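Descriptive structure summary
Chain by chain, the residues run as shown.
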Amino acid sequence: MLELSDVHVRYSYKTVLNGIRLRFHSGRIYSLMGENGAGKTTVSKIIAGCIAPTSGKIFLDGKAVAFANPRDAINHGICCVNQRPAVASEITVRENLRLGQSHFDDDLAALLLGEWLPGRGASALAGTLSLEERFFVSLVNALLKNPRILVLDEPPDIPAEKLRALAKNGMTIILITHNLRESLQKSDEVILLRDGVVLEQRNANEISEDYIAQRLYDVDSSAVAESDFTAVDIREDDFFAGFAGNQKIGYIPSDIAMRASNPNLTILQLLTSRHCGLRQRPLENYASNLLSRADVRIKLNEKASCLSGGMLQRLVLERELAENPKEIYLFNPTHGLDVQATVRLFSRLKKLADSGTKVFFGKGEPQQ
């Protein structure tokens, strides 16, 4: 059993987790849900050894543990597959799977690839994989370590029976998801997190999608729709090669963390990338204005890595709209967004469309 007891995480500008208490039992599947910025990713980073709590304790099988780094957590049987996994594009799938493995079992790797990545051989160059396929490469890498506890951060659609098979063998699975239906269909328990506090932890069969939407986001789960916008049959890489950089065209990529930003950029650099010629004070005023429009509270010298997915998307959207584009193209824009953030995005886009801006939803993912 994994337990988080009175865990706090505080930064200079905000408290991210405020006295979290959670228990995860062997052989069960948990969905961790909450609006963007609620603290879900921070919980996963603590469990995976990426960050240490400011205060509070972690218990594993009743014994207090402190993870110095992700390798330490892995040695305790805990693996995390991130939403945007770090997969090296220049080497093969097999070579990626070997990374971090002290003992590599080719037969087991082939078996897992056949199950989780059918149609892709181990000799395939990782750079030819889609974002979804990259996730499954990272998942296979984690499964090769035979984890007791597996954290999946915003995974693509995984059949419930596959997750159940893993849990049946005693594995604890923690899903970080915004998908209301997925959380109820695939989980034994649902954890609702808001403003760094656990609202409740309940059996999935005791609650409904509408209950979660109202409890977490104060909206109706059926309020989200894409019908007001035009879908275009264009691959993102083709769009990127032909249109990106055109001042009259806005672009919101599917990989917003790396193609529209970079975790190491400051908020000031992120927001003023099109206006590097300005002096420092006008740059700061310009960026502060965009922060206000996006309703994001963060300091200009903080790193983009401190932003939740929804906050980052709002900032990139405002950065693009500040150029007054005639057209704006969005690729998979709701991935990683909670219901409230999705409704907010569509409302913003509807106003743009009503004012004359052409809004297009592109298809496909960048191959990177």
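Summary of the structure given here. (Residues numbered from 1 in each chain as written. Predicted model: local features only at pLDDT ≥ 70, side-chain atom pairs only at ≥ 80, totals over all residues. Heavy atoms only, no water.)

**Points about the overall build of the protein**
When you go through the protein residue by residue, the secondary structure sums to 13 helices and 14 strands. Relative to the globule expectation of 21 Å for 368 residues, the C-alpha radius of gyration of the protein, 21 Å, shows essentially globular dimensions. Each principal axis of the C-alpha atoms in the protein carries an extent, and together these give about 55 × 45 × 40 Å. Burial analysis of the protein (368 residues in total) assigns 49% to the buried set. (Helix = DSSP H or I, 4+ residues; strand = E, 2+ residues; numbered from the N terminus. Rg over C-alpha atoms; globule rule 2.2 N^0.38 Å. Buried < 20%, exposed > 50% of the residue type's maximum accessible area, 1.4 Å probe, protein only.)

**With respect to the packing of helix H11 (residues 280-294) against helix H12 (residues 309-321)**
Direction vectors running N to C along H11 and H12 enclose 120°, while the axes themselves pass 9 Å from each other. If you check the angle between H11 and H12, you find them oblique. The two elements H11 and H12 meet at a crossing, and its hand is right-handed. Counting all contacts with H11, which are made through Leu290, Leu291, Arg293 and Ala294, the residues of H12 involved are Arg314, Leu315, Glu318 and Arg319. Among the residues making up the contact of H11 with H12, the classes are represented as four nonpolar, no polar and four charged. (Axes fitted to C-alpha atoms, helices over the stretch in contact; angles between N-to-C directions. Parallel < 35°, antiparallel > 145°, perpendicular 65-115°, else oblique. Left-handed = near helix turned anticlockwise from the far one by under 90°. Contact = heavy atoms within 4.5 Å. Nonpolar A, V, L, I, M, F, W, Y, C, P; charged D, E, K, R; others polar.)

**A short note on the sheet that holds strand E11 (residues 230-232)**
Strands pair in a sheet through their backbones, by hydrogen bonds, and they do so in one of two ways: parallel or antiparallel. Strand order in the open sheet made by the four strands is E11-E14-E13-E12, with parallel pairing throughout. Each edge of the open sheet carries a strand with a single partner, namely E11 and strand E12 (249-252). This sheet shows a mean twist of 30° between the axes of neighbouring strands, independent of strand direction. Where E11 lies against strand E14 (residues 358-362), three bridges are found, and the strand directions are parallel. When the bridges of E14 are listed, Val232 appears paired with Gly362. This element, H12, spans E12 and strand E13 (327-331) of the sheet and lies at about 170° to E12. Sheet contacts for helix H13 (residues 339-354): E13 and E14; angle to E14, the most-contacted strand, approximately 135°. (Pairing = 2+ DSSP bridges.)

**A word on the pattern of salt bridges**
Taken as a whole and judged by the stated rule, the model has 22 salt bridges. Between Glu200 and Arg202 there is a salt bridge, with the nearest N and O atoms lying 3.4 Å from each other. What you see here is one network of salt bridges that share partners, running through Glu200, Arg202, Glu206 and Arg215. (Salt bridge = Lys/Arg side-chain N within 4 Å of Asp/Glu carboxyl O.)

**Regarding the side chain of Ser261**
One can find Ser261 in the loop between E12 and helix H10 (267-271). When neighbours within four sequence positions are excluded, Ser261 is seen to be in contact with Ile256, Leu270, Ala304 and Leu312.

**Quick look at the nonpolar core**
Of all hydrophobic cores here, the largest spans 35 residues; its most connected members are Ile267, Leu291, Val296, Leu307, Leu315, Leu349 and Val359. Every element with two or more residues in this core is listed here: H10, H11, H12, E13, H13 and E14. Apart from the residues within four sequence positions on either side, Val359 is in contact with Phe229, Thr230, Ile328, Leu330, Leu349, Leu352 and Ala353. Of all hydrophobic cores here, the second largest spans 32 residues; its members include Ala109, Ala122, Val137 and Leu143. (Core = buried A, V, L, I, M, F, W, Y, C linked by side-chain atoms within 4.5 Å.)

**Things to note about the pairing of E14**
Burial within E14 is extensive, with four of its five residues counted as buried. In the sheet, E13 pairs with E14 via five bridges, with the strands oriented parallel. The partner of Phe331 across the bridge, within E14, is Gly362.

**Brief notes about the side chain of Glu236**
Mapped onto the elements of the fold, Glu236 is located in helix H9 (residues 236-242). Taking relative accessible area as the criterion, Glu236 reaches 0% and is therefore assigned buried.

**Things to note about helix H6 (residues 160-168)**
For H6, every residue scored as buried is listed here: Leu163, Leu166 and Ala167. For H6, the buried positions fall inside an angular range of 100° around the axis, keeping them on one side. Residues of H6 that are exposed and point more than 90 degrees away from the buried face comprise Glu161 and Lys168. Where H6 is buried, its residues touch strand E3 (29-33), helix H4 (106-116), helix H5 (131-143), strand E7 (149-153), strand E8 (172-176) and helix H7 (180-186). Downstream of H6 by one or two residues, Gly170 has phi in the positive range, about 105°. (Arc of directions from axis to C-beta.)

**A closer look at H13**
Counting along an α-helix, one turn takes 3.6 residues, and residues three or four places apart therefore face a common direction. Between its first and last C-alpha atoms H13 spans 22 Å; for 16 residues at 1.5 Å apiece the expected length is 22 Å, and the two agree. Within H13 the residues assigned to the buried category are Val339, Ala341, Thr342, Leu345, Phe346, Leu349 and Leu352. Taken end-on, H13 shows its buried residues confined to a sector of 160°, consistent with a single buried face. Exposed positions of H13 whose direction lies more than 90 degrees from the buried face are Lys351 and Asp354. Packed against the buried residues of H13 are H7, helix H8 (209-217), H12, E13 and E14. Remark: Gly356 follows H13 within two positions and exhibits a positive phi of approximately 115°. (Expected span 1.5 Å × (residues − 1).)

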